[in-house]
Amino acid sequence: MIPPSATAHAGPRVTRPPGALVIEIEDVTKLYKMGAETIHALRGVTLKIHRNEYLAIMGPSGSGKSTLMNMLGCLDTPTAGRYEFNRKNVATMLDDELADIRNREIGFVFQTFNLLPRSDALHNVELPLIYAGLGKAGRIEKAQRALVNVGLGERMGHKPNELSGGQRQRVAIARALVNDPSIILADEPTGNLDSKTGEEIMALFEQLYAQGNTIIVVTHEEDIARHARRIVRLRDGLIESDRAVE
Amino acid sequence: MLFGEIFRLAFASLTANKLRSSLTVLGIAVGVFSVIGVMTLINGMRSSIETGLNVLGANSFQITKFPPINFSDPWTRFRNRRDINSPQAERFKELMGDAAKVNLQINRNGLTVNVRERKTNPNVRLWGTDENYVTAFNFDVALGRNLGAEDVEHGRPVCLLGDEVVQKVFPDEDALGKLIRIGGQNYTVVGVLASKGTAFGGSPDNIVLTPITRFLAVYGRSWRSIGLNVQAPSQAELAETQERAIGMMRLVRGLAPEDANDFEVFSNESLIEAFNNIADIVAAGALIISAIALLASGVGVMNIMLVSVTERTKEIGIRKSIGAKKINILMQFLAEAVALSLIGGLVGVAFGVGGGNLVAFLMNTEITFPWLWTGIGLGVCGGIGVVFGLYPAWKAASLDPIEALRYE
Ligand SMILES: Nc1ncnc2c1ncn2[C@@H]1O[C@H](COP(=O)(O)OP(=O)(O)OP(=O)(O)O)[C@@H](O)[C@H]1O
Ligand SMILES: [Mg+2]
């Protein structure tokens, strides 16, 4: 593992020292069987991620970024290889334990937002708290605060189709953050946004990183990746390079 | 996740698909409706039959040509019986003598009573009867006098009015001694019956009594069979009196020892029993129909829930991706299925109770609310929701999060 460099961009860019090991995958492969054909989405990926890291995963289309990300987010399981989250083997965990990790430890931000279309912004953000078992009053308060934090205090009653793309992504980020996860996983969070809105979203991640979150972002844009402190490049399901950002 | 939360969610998603939900609800409602409707009606009939028969008194029985309730025997068995005509009835009464009070009765319904410009609705029952009617049906004579033996003997055009008829045609004058007209015939009012004031619909008081001889003179003797009400002196002597009455009746009818009775003898208890037998059969039929309808609508619930799960695969993926456990998804869809069938059940109960009581009302029986069957109906509906909702809910809960998220 290459520790993130302390040297960085001009400006108020801070790099926090890495904390405890939180994600460790070893020789992970993922196969998709499509009839007679077998697709190797991941061919043996080994990676360690510590708390307080800000990591970008890059690579050409089809290189396995999303596959890897879904696995890290405990949404998908590897065909072979070992995945330890917080030093606990994910393969041995029950469905409900995985649900718990998704609920409390990880905030996932999707490229396509994945908001419930019939629910307003507030209810979408409230959702993880419902599954966390929080009472109504506490939920509303936390969800409102999360929406205010992403600058959507005025849009709480809007449904996704009444919001712009950037606003939807902010709702999705608020939802990812509402339950105070320690790790934020974002799969092309700016992929569907124009570059200005994309920069705004990245500024939000910068802020979250500064506040002590661990952030992993998938992107194929160099500009976006430069926000991270460490870049892992994938090609054909293998890690091509893994280095700190200059 | 709290219970209220789950049901709020279920209703939200049911209202999102109003037409589809209502059609499924309708299926359940029909199933519940049929059983609740029939049970309501039967309950109403049973309680009014019981109250009605209690009026007859525990120590009386009836002799008629036809059985009052028949379900088991072919009609042809009774059709060829001879009518109980006036001479036979008179003879029977004479033969019974002091052993029992015999009341001859024959009636015609749907008549209008006219007094000058006033008239009743065409729903008055005119009884051709005798002096024993009043005691047989437990009436009191409020004003004037009862029918007498001479009235019957001479076929006098006199009458007693039921309270409801009095209210209609003599609202604020004394009825005694006045003339009324029924079907072009004049009758002089000699007495007024006290109101029984029971049940609604007013049937016990909506009557006019006239001597049976007069009745037969006006409406003809042929094609009429007279009913005989026999009151034993006490309940202890009921069986003995009944034996005797059957013997006398056979004598009057001129039956040979090997002939079967060509008349029916029945008491309150046998009537209630006969009614209960029929009610049980009807209830069983309604239950079977309901069971089939509910089974079919249960399949409908399952079908709709499977469609709903497929349609909302993405939503399930989203929920799982942010931490919904299996049980959360399972409960969400199960609650939806249960809510669907319970709403159907409630609609069915509402229409069943309403419809059953409407028919009961039209039949002048009592209005009732079948608590037991409502409870059973709703319980069964809840059960249907659980049983037929379980597989779709399980299917939803078992979806792989990432597969579900990818679903378009
Ligand atoms: N559900 C699936 N079934 C079959 N093949 C799949 C499935 N998901 C991904 N793949 C294949 O696995 C490989 C990696 O896909 P993945 O989505 O991880 O790529 P990616 O790096 O995220 O690409 P992009 O930048 O276009 O999002 C691709 O070849 C893809 O076709
Ligand atoms: Mg991808």
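Residues numbered from 1 in each chain as written. Chains lettered and ligands numbered in written order. Predicted model: local features only at pLDDT ≥ 70, side-chain atom pairs only at ≥ 80, totals over all residues. Heavy atoms only, no water.

(A) Representation of the overall build of chain B. Looking only at helices and strands, one finds 14 helices and 12 strands in chain B. Rg of the C-alpha trace for chain B: 31 Å, well past the compact-globule value of 22 Å for 408 residues, more than 25% over. Scored against the burial criterion, the 408 residues of chain B give a buried share of 47%. Taking all contacts inside chain B whose residues are at least 6 apart in sequence as the whole, residues at least 24 apart take part in 77%. Here chain B has roughly 18,900 Å² of accessible surface; of this, 61% comes from carbon and sulfur atoms. Averaging the coordinates of the 37 positive side-chain charges in chain B and doing the same for the 37 negative ones gives two points 8 Å apart. (Helix = DSSP H or I, 4+ residues; strand = E, 2+ residues; numbered from the N terminus. Rg over C-alpha atoms; globule rule 2.2 N^0.38 Å. Buried < 20%, exposed > 50% of the residue type's maximum accessible area, 1.4 Å probe, protein only. Contact = heavy atoms within 4.5 Å. Areas by Shrake-Rupley, 256 points an atom, 1.4 Å probe, with all protein chains shown as cover. Lys, Arg positive; Asp, Glu negative; His and termini not counted. Charge placed at Lys NZ, Arg CZ, Asp CG, Glu CD.)

(B) How the structure looks around unusual backbone geometry. Residues and elements named next belong to chain A. Positive phi, normally seen in glycine, also occurs at D180, with a value near 50°. In this fold, D180 is placed in the loop between α5 (165-177) and β7 (183-187). Judged by relative accessible area, D180 falls into the exposed class, the value being 57%. Of note in this structure, E188 is not a glycine but carries a positive phi near 50°. Along the chain, E188 falls in the loop between β7 and α6 (195-210). The exposure class of E188 is buried, given its relative accessible area of 9%.

(C) Molecular detail of the domain arrangement of chain B. By domain assignment, chain B separates into domain 1 (3-51 + 273-406) and domain 2 (82-262). Placing the centre of domain 1 of chain B and that of domain 2 of chain B at their C-alpha centroids yields a distance of 51 Å. (Domains from an automatic or database assignment.)

(D) Seen up close, the interface of chain A and chain B. Counting residues at the interface gives 22 residues for chain A, matched by 23 residues for chain B. Roughly 2,100 Å² of surface becomes buried between chain A and chain B when both sides are summed, with 56% attributable to carbon and sulfur atoms. There are two salt bridges connecting chain A and chain B. The shortest N-O distance in the salt bridge between D100(A) and K325(B) comes to 3.0 Å. At the boundary of chain A with chain B, the tally comes to seven residue pairs in polar contact (both at pLDDT 80 or more). Here the element with the most residues in the side of chain A that touches chain B is helix α2 (residues 95-104) of chain A; it accounts for six residues. Considering only residue class, the side of chain A that touches chain B consists of 10 nonpolar, four polar and eight charged. (Buried area = accessible area lost by both parts, 1.4 Å probe. Salt bridge = Lys/Arg side-chain N within 4 Å of Asp/Glu carboxyl O. Polar contact = N/O pair within 3.5 Å; in protein donor to acceptor, adjacent residues only side chain to side chain. Nonpolar A, V, L, I, M, F, W, Y, C, P; charged D, E, K, R; others polar.)

(E) The arrangement of the packing of helix α1 (residues 3-16) of chain B against helix α12 (residues 326-362) of chain B in detail. All names here are of chain B. Relative orientation of the contacting elements α1 and α12 amounts to 65°, with a least axis distance of 8 Å. Comparing the axis directions of α1 and α12 gives the class roughly perpendicular. Along this stretch, α1 crosses α12, giving a crossing that reads as right-handed. On α12, the residues that touch I6, F7, L9, A10, F11, S13 and L14 of α1 are M331, Q332, A335, E336, A339, L340 and I343. (Axes fitted to C-alpha atoms, helices over the stretch in contact; angles between N-to-C directions. Parallel < 35°, antiparallel > 145°, perpendicular 65-115°, else oblique. Left-handed = near helix turned anticlockwise from the far one by under 90°.)

(F) Region of interest: the sheet that holds strand β2 (residues 37-50) of chain A. Residues and elements named next belong to chain A. Strands sit in the order β2-β1-β4-β5 across an open sheet of four strands; the sheet is antiparallel. What marks the edges here is a single partner per strand, and that holds for β2 and β5 (88-89). Pairing analysis gives 11 bridges linking strand β1 (residues 21-34) to β2, with the strands arranged antiparallel. Within β2, the position partnered with K33 by the bridge is T38. (Pairing = 2+ DSSP bridges.)

(G) Broad picture of the nonpolar core. I23(A), I25(A), I57(A), L68(A), L72(A), F85(A) and I216(A) are the most contacted members of the largest nonpolar core, which has 75 residues in total. Sorting elements by how many residues they give to this core places α12(B) first, with 10 residues. Apart from the residues within four sequence positions on either side, F85(A) is in contact with V22(A), I23(A), V90(A), M93(A), I101(A), E105(A), I106(A) and I183(A). In this structure, V152(B), C159(B), V165(B) and I212(B) belong to the second largest nonpolar core, which totals 44 residues. (Core = buried A, V, L, I, M, F, W, Y, C linked by side-chain atoms within 4.5 Å.)

(H) Up close: the confidence of the model for chain B. All names here are of chain B. Mean pLDDT over chain B works out to 88, with 95% of the residues at or above the 70 mark. For chain B, the element scoring lowest by mean pLDDT is helix α3 (residues 76-79), at 76; strand β7 (residues 158-161) scores highest, at 96. As a predicted assembly, this complex carries a pTM of 0.73 together with an ipTM value of 0.91. (pLDDT = per-residue confidence, 0-100.)

(I) Seen up close, the packing of aromatic side chains. Evaluation of the coordinates by the stated rule reveals eight aromatic pairs over all chains. A centroid spacing of 4.4 Å and a plane angle of 50° characterise the contact between F369(B) and W371(B), whose relative ring orientation is tilted. A relative accessible area of 36% places F369(B) in the partly exposed class. Against the face of Y209(A) rests R16(A), its NZ or CZ located 5.3 Å from the ring centre. (Phe/Tyr/Trp six-rings, centres within 6.5 Å; stacked < 30°, edge-to-face > 60°. Lys NZ or Arg CZ within 6 Å of the ring centre and 35° of its normal.)

(J) Structural view of the site of ligand 1. Neighbouring residues of ligand 1: 14 residues in total, closest S61(A), G62(A), K65(A), S66(A) and T67(A). Those residues lying near ligand 1 are distributed over chains A and B. The separation between an oxygen atom of ligand 1 and a polar side-chain atom of S66(A) is 2.7 Å. At a separation of 2.5 Å, an oxygen atom of ligand 1 approaches a polar side-chain atom of T67(A). The fraction of the free accessible surface of ligand 1 (630 Å²) that becomes covered by protein chains is 69%. Among the elements that line the shell around ligand 1, the one with the most residues is helix α1 (residues 65-72) of chain A, at three residues. Looking at the shell around ligand 1 residue by residue, the class counts come to five nonpolar, six polar and three charged. (Near = heavy atom within 4 Å.)

(K) Region of the structure containing the pairing of strand β3 (residues 54-58) of chain A. Residues and elements named next belong to chain A. With five of five residues buried, β3 is to be regarded as a mostly interior element. The alternating pattern of β3 places Y54, A56 and M58 on one face and L55 and I57 on the opposite face, and all of these are buried. Here four bridges tie β3 to strand β8 (residues 214-218), and the two strands are oriented parallel to one another. Each bridged residue has a counterpart across the sheet, and for Y54 the counterpart in β8 is I215. As paired elements, β3 and strand β9 (residues 230-235) share four bridges and run parallel to each other.

(L) Representation of the confidence of the model for chain A. Of all residues in chain A, 95% attain a pLDDT of 70 or more, and the chain-wide mean is 90. Per-residue pLDDT stays below 50 along residues 1-11 of chain A; that stretch engages in 24 contacts with residues further than four places along the chain or on separate chains.

(M) Spatial organisation of the packing of α5(A) against α6(A). All names here are of chain A. Where α5 contacts α6, the axes come no closer than 10 Å and their chain directions differ by 15°. Overall, the two elements α5 and α6 adopt an arrangement that is roughly parallel. The chirality of how α5 crosses α6 is right-handed. Residues G166, Q169, R170, I173 and L177 of α5 pack against T197, E200, I201, L204, F205 and L208 of α6. Partitioning the contact of α5 with α6 into residue classes produces six nonpolar, three polar and two charged.

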